[in-house]
Number of protein chains: 2
Amino acid sequence: MKINVVENVLKANDAVAAANRRMLSDRRLLAVNLMSAPGSGKTTLLEKTIPALGEEYPCGVMVGDLQTTRDAERLGPYAVTTTQINTGTGCHLSATQVAEALPAFDLDRLAFLFIENVGNMVCPAQFDLGEHVKAILLSIPEGDDKVAKYPTLFQQADVVLLTKVDLLGILDYDLNRVRDDLARINTRAPFIQLSSKTGQGFDQWLAWLKQQRLEHTRA
Amino acid sequence: MKINVVENVLKANDAVAAANRRMLSDRRLLAVNLMSAPGSGKTTLLEKTIPALGEEYPCGVMVGDLQTTRDAERLGPYAVTTTQINTGTGCHLSATQVAEALPAFDLDRLAFLFIENVGNMVCPAQFDLGEHVKAILLSIPEGDDKVAKYPTLFQQADVVLLTKVDLLGILDYDLNRVRDDLARINTRAPFIQLSSKTGQGFDQWLAWLKQQRLEHTRA
């Protein structure tokens, strides 16, 4: 019985996710689901990404957290619309939460919708939100063993962003180990080394975003 | 129906947890449930803590990860017995997993059992494993907003360990913000600033562990 309940929850989620995705694709709006451990730099990445995309690419943001509106407050100045979803004790966002938040956005005006998931490397991986692409962040201070230890997340990545690379000289970190672990489970996702502090890697990340929008949405 | 299933799972877990705790208390063995985000330094902390406790306090370790035995391999040289629990897609350890792992340990010989939970700031907080105390780690690179964003975890802390404090001069970090957030939700847990690299804070942490063992187990 327990398994049936879980399966039904996932099936219901997937149906809502598909409807979300259809609605966004029709408006040429690329939805990006950002997932990572707490403190990998998802909010900081968006603080830099949205201004760098510029007026040509207006952005909306949904932010998932158990409590507080701190992330939404940080991103408010940059995005056209920012919505904080507080999950209480919930460990991930769901497609229904996204569907309920969508009416607050002027979808026809936006080019990108960034969905910052709850900081968690396990549960968010199981829930399709209706995004077009999944961006998985991994920060240098977390250590070089995380791809192997959380494979379900990294298997699904459409892009892997190695963040805080300005700390590479300060902390012990074996880049080749991460590349090798990733090569074993995901050969599809580009691996971009980023620093929101120095700007390293942003050209590649922004180009990737724009290309994904062309591929996944309708003219 | 869904809620009933979840409640039954939690009730069953709590009964097993209580049995685990009784068995450990009777043997003067303090069980410590270590919880944090991925990469906060749980394994590194244990690599330093177990030798520092010395022969007088033999330690056992259980390590929870989705995949790999990397943490157990790291801790094997230090602990009397080390067991890796692979959860597959499971986002937390459960009391049953701990109960099933216990027979591998010579409980009469041990003073401490460290249970390193799956790296996750949400789900592990809901599952009593039968531990006596919960140690919550929070590392400097994760940022100073995590106590407010993950209150369910920090509310339960018996001790909060701020790790990687050797990075305090290098990264922006507002210690007072963390202290203020913590003061609002948990006035009970001591707040210890630790560096596994420099040894800062270890005297306080080791003294705390020994005191907890006296308080929670029977002579």
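Provided above is the structure to which this section pertains.
Quick caveat: nothing in here was measured; it's all calculated off a predicted structure.

Engineer: How would you sum up the interface of chain A and chain B? Please name residues and give values.
Structural biologist: Each side of the interface is counted separately: chain A has 31 residues, and chain B has 31 residues. Breaking the side of chain A that touches chain B down by element, the ones donating at least two residues are α1 (2-25), α5 (146-149) and α6 (151-155) of chain A. A per-element tally of the side of chain A that touches chain B places α5 of chain A first, with 3 residues. Its residues placed into classes, the side of chain A that touches chain B shows 15 nonpolar, 9 polar and 7 charged.

Engineer: Tell me about the nonpolar core, and please be specific about residues and values.
Structural biologist: In this structure, I115 and V160 of chain A together with I115 and V160 of chain B are the most contacted members of the largest nonpolar core, which totals 124 residues. Setting aside residues up to four positions removed in sequence, I115 of chain B forms contacts with A31, V32, N33, L34, M62, L93, V98, L129 and E131 of chain B.

Engineer: Can you lay out the relation of the copies chain A and chain B for me, pointing to particular residues and giving the numbers?
Structural biologist: In screw terms, the move from chain A to chain B is a rotation of 180° and a rise of 0.0 Å along the axis, fitting with an RMSD of 0.0 Å. The operation mapping one copy onto its partner corresponds to a two-fold rotation axis. Both copies share a contact surface, since 100% of the interface residues of chain A are interface residues in chain B too.

Engineer: Pulling in residues and values, what's your account of the sheet that holds strand β2 (residues 59-65) of chain B?
Structural biologist: All names here are of chain B. Taken together, the 7 strands give an open sheet; going across it, the order is β3-β2-β4-β1-β5-β6-β7, and neighbouring strands pair in parallel fashion. Taken across any chain shown, the strands that pair with only one partner, and hence form the sheet edges, are β3 (81-86) and β7 (191-193). On average, each strand axis in the sheet is tilted by 20° relative to the strand beside it, whichever way the strands run. Pairing between strand β1 (residues 30-35) and strand β4 (residues 112-116): 5 bridges, direction parallel. Bridging from a neighbouring strand, N33 pairs with I115 of β4. This element, helix α2 (residues 42-53), spans β1, β2, β4, β5 (133-139) and β6 (159-163) of the sheet and lies at about 170° to β4. Here helix α8 (residues 202-216) sits on the sheet and contacts β1, β4, β5, β6 and β7; the angle it forms with β1, its principal contact strand, is near 130°.

Engineer: Explain unusual backbone geometry residue by residue, including any values.
Structural biologist: A positive phi angle, near 60°, is found at R28 of chain A, a position not held by glycine. Note that R28 of chain A resides in the loop between α1 and β1 (30-35). Although it is not a glycine, K164 of chain B adopts a positive phi angle of roughly 60°. As for its position among the elements, K164 of chain B is in the loop between β6 and α7 (175-185).

Engineer: Could you give me a rundown of the pairing of β6 of chain B, with the residues and numbers involved?
Structural biologist: Residue and element names in this part refer to chain B. Counting buried positions along β6 yields 5 of 5 residues, so the element is predominantly enclosed. The alternating pattern of β6 places V159, L161 and T163 on one face and V160 and L162 on the opposite face, and all of these are buried. Where β5 lies against β6, 5 bridges are found, and the strand directions are parallel. Note on β6: the bridge partner recorded for L137 is L161. In the sheet, β6 pairs with β7 via 3 bridges, with the strands oriented parallel. Looking at the pairing, V160 lines up with F191 of β7.

Engineer: Quick one: what's the story with the environment of D174 of chain B, residue by residue and with numbers?
Structural biologist: Residue and element names in this part refer to chain B. Residue placement: D174 occurs in the loop between β6 and α7. Given 11 C-beta atoms within 10 Å, D174 falls into the exposed group. Separated by 31 residues in the primary sequence, D174 and G143 have C-alpha atoms spaced 8.5 Å apart.

Cut-offs and rules
- Residues numbered from 1 in each chain as written.
- Chains lettered and ligands numbered in written order.
- Predicted model: local features only at pLDDT ≥ 70, side-chain atom pairs only at ≥ 80, totals over all residues.
- Contact = placed C-beta atoms within 7 Å.
- Helix = DSSP H or I, 4+ residues; strand = E, 2+ residues; numbered from the N terminus.
- Nonpolar A, V, L, I, M, F, W, Y, C, P; charged D, E, K, R; others polar.
- Core = buried A, V, L, I, M, F, W, Y, C linked by C-beta atoms within 7 Å.
- Buried ≥ 20, exposed ≤ 12 C-beta atoms within 10 Å, placed from the backbone.
- Least-squares fit on C-alpha atoms with pLDDT ≥ 70 in both.
- Pairing = 2+ DSSP bridges.
- Axes fitted to C-alpha atoms, helices over the stretch in contact; angles between N-to-C directions.

Any functional reading would require information beyond the geometric quantities listed.
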